[in-house]
Amino acid sequence: MSPLIPFPEILPQVQVTLDCNCRCSYCFQKHPKGIIPLSIVRSIFEKIADAKRSGFFPEKRSLTITWHGGEPLMAGPDFFKGVIRLQAEFPGVVFQNRVQTNATLMTEDFARLFKDHGFQVGFSLDGPESLHNLHRRMGGGKTGSFSRALKGMEIFRRVTGQETLAVIAVITRDSMGRTEEIFRFFRGLKARVQLDICDINCKDLTPSNPLPTDLFKLTPSPGEVGEFLIRLFDLWFHDPFGDVDFPELRDEVKMILRPGIDKGSPYHKRRCSLGRLIFAPDGKVYPCDQYINDSRTALGDITRDSLKALLRRRAALWSGIKARIRKSAGNMDCFDCEWGRRHAGGCMTCLKYNTLLVLARHQGLPDNQWFKADLPPFLEKIKGETYYCSGLKVFRAHVKQAVHKEMAHA
């Protein structure tokens, strides 16, 4: 048995529902109806409390749970009131709740509920209306969701009095060349913006067509991402007003100022954190939300398995994945890269594993023999832990130079 890798934290993400009132062009999830039962939510809390009592992960002041989807607000206010009542039954755990929403269903009741109970709320907004509506449309697929999203955010701001809004912006190829416009929009909104760069994911690659011709309609190239981030960084770094914040850009500056710290790569969405678990509405547990469409990739079921067992399976899975892919690829240059230690297994590693798993199934192999499949040449030749490594290297060199220049003139 491989040694247990320690778990510095647990990062639970509960998929309240996989259903959604929008149909975003880059979404990788299917959207069956149904809300996670509170009985399963109780099981999640019970298993977390048991693991906490046993010292399986370090004592922390609070435990952050992200309520996600689909669109979590489709569950209605009564669901979240039920969550709050359940959490009160576990005084040994201090819960910090986060909700990620497309904002189109935000109401005064929701806003007041979240304010009164200290929920952190993040909104999904890709930028100005013409850009946002390209990919984020309402369920019918014809109407953009921008106006409804902005209305929901305005309701939340008015009810809560919260001036700075937390936003996740998906950056696609359509975002390239519009950096200044995106920056000005979010500055006017007074937003704190997390960048979610649209990446290749496991559904993009199939055994019959390992490189779909429309793959790069959404996914920018590494060079384009590097140029986009450099321009965005310059606008933010030299902005005299400070009305917009990009935490990932701030983390990049911190890594230059304090090279001894290990912030991790801000651009692989923490998918590789060993403590991250995705809880589906049926109780099944996954290491990544990209896996959630296929129950055969589940680590187990929270109603039957302990948190310890689930985390051990996740650790063993990732240990095998990284060892096999890094050894077989022969071109992963992470250990010689100035930034390599900050990735520790990024989305490209995840993608390669997903592809091997799909190909193994296509060949009739059981899941535990995924390593007998061969990667498509396109993936085999890509270096680095993320698809964007080459662009990120250029970007980080620019940040390093800009920070050192600023320090020299201070």
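Before reading on, note that the structure itself is shown above.
Attention in this report is confined to the structure presented alongside it. Starting afresh in each chain, residues are numbered from 1 along the sequence in its written order. With the structure being a predicted model, the display of local features is reserved for residues of pLDDT at least 70 and the display and counting of side-chain atom pairs for 80 or more, all residues being used for whole-chain, interface and lining totals. Derived side-chain values reflect all non-hydrogen atoms in the structure, with water molecules and hydrogen atoms excluded from consideration.

Before going further, it helps to spend a moment on the packing of aromatic side chains. Each pair of aromatic rings is reported with the distance of its centres and the angle of its planes. Classification of ring pairs uses Phe, Tyr and Trp, with its six-membered ring standing for Trp, and accepts pairs whose centres are within 6.5 Å; under 30 degrees between planes counts as stacked, over 60 as edge-to-face, and the remaining range as tilted. Following the criterion strictly, the structure yields 18 aromatic pairs and no others. With centroids separated by 4.9 Å and ring planes inclined at 20 degrees, the aromatic side chains of Phe 233 and Phe 237 adopt a geometry described as stacked. With a gap of four residues between them, Phe 233 and Phe 237 both fall in helix α7 (residues 222-237), about one helical turn apart. Throughout this description, buried means an accessible area under 20% of the type-specific maximum (1.4 Å probe, protein chains only), exposed means over 50%, and partly exposed covers the range between. We classify Phe 233 as buried; its relative accessible area is 0%. Aromatic side chains Phe 233 and Phe 395 sit 6.4 Å apart centroid to centroid with 75 degrees between the ring planes, which places their arrangement in the edge-to-face category. Taken together, the positions of Phe 233 in helix α7 and Phe 395 in helix α12 (residues 389-408) put the pair 162 residues apart, joining distant regions of the chain. Working definition: helices are DSSP H or I runs of at least four residues, strands are E runs of at least two. Numbering for both runs from the N terminus.

Within strand β4 (residues 95-101), five of the seven residues are buried, which leaves the element mostly enclosed by the surrounding structure. In this fold, strand β3 (residues 63-68) hands off to helix α2 (residues 77-87), which returns the chain to β4; that crossover is right-handed. Note on pairing: DSSP must find at least two bridges between two strands before they are called paired. Sheet analysis places β4 next to strand β5 (residues 120-124), joined by four bridges and oriented parallel. Bridging across to β5, Val 99 finds its partner in Val 121. Classification remark: right-handed applies to a crossover when, strands pointing away from the viewer, the course from the first strand over the helix to the second runs clockwise. In this fold, β4 hands off to helix α3 (residues 108-116), which returns the chain to β5; that crossover is right-handed.

In this section: the pattern of salt bridges. Put simply, a salt bridge is a Lys or Arg side-chain nitrogen that is within 4 Å of an Asp or Glu carboxyl oxygen. Enumeration according to the criterion identifies 19 salt bridges in this entry. Arg 112 is the salt-bridge partner of Asp 109, the closest N and O atoms lying 3.6 Å from each other. Here Asp 109 and its partner Arg 112 are both found in helix α3, three residues apart, which amounts to about one turn of the helix. Asp 109 gets classed as exposed once you look at its relative accessible area, which sits at 51%.

The next subject is the packing of α3 against helix α5 (residues 146-160). Contact geometry for α3 and α5: axes closest at 9 Å, N-to-C directions at 50 degrees. Taken together, the axes of α3 and α5 lie oblique to each other. In this structure, α3 meets α5 at a crossing whose hand is right-handed. Between α3, through Glu 108, Ala 111, Arg 112, Phe 114 and Lys 115, and α5, the contact on the second element is made entirely by Ile 155, Phe 156, Arg 158, Val 159 and Thr 160. When residue character is reported, Ala, Val, Leu, Ile, Met, Phe, Trp, Tyr, Cys and Pro are called nonpolar, Asp, Glu, Lys and Arg charged, and the others, Gly included, polar. Looking at the contact of α3 with α5 residue by residue, the classes come out as five nonpolar, one polar and four charged. Only the contacting stretch of a helix is used when fitting its axis, a line to C-alpha atoms as for every element, and angles between N-to-C directions run 0 to 180 degrees. Should an angle fall under 35 degrees it is called roughly parallel, over 145 degrees roughly antiparallel, and 65 to 115 degrees roughly perpendicular, with every other angle called oblique. By the definition used in this description, the sense in which the near helix is turned from the far one sets the handedness, with an anticlockwise turn below a right angle giving left-handed and a clockwise turn giving right-handed. When checking whether two residues touch, look at their non-hydrogen atoms; a contact exists if any pair is within 4.5 Å.

Comment: phi is negative for the bulk of residues other than glycine, and the bulk of peptide bonds are trans. At the junction of Gly 69 and Gly 70, the peptide bond is cis and its omega measures out at 20 degrees in the coordinates. Residue Ala 103 is not a glycine yet carries a positive backbone phi of 75 degrees. The residue Ala 103 is located in the loop between β4 and α3 in this model. Judged by its relative accessible area of 0%, Ala 103 is buried. Positioned with a positive phi, Lys 190 is a non-glycine residue whose angle comes to about 55 degrees.

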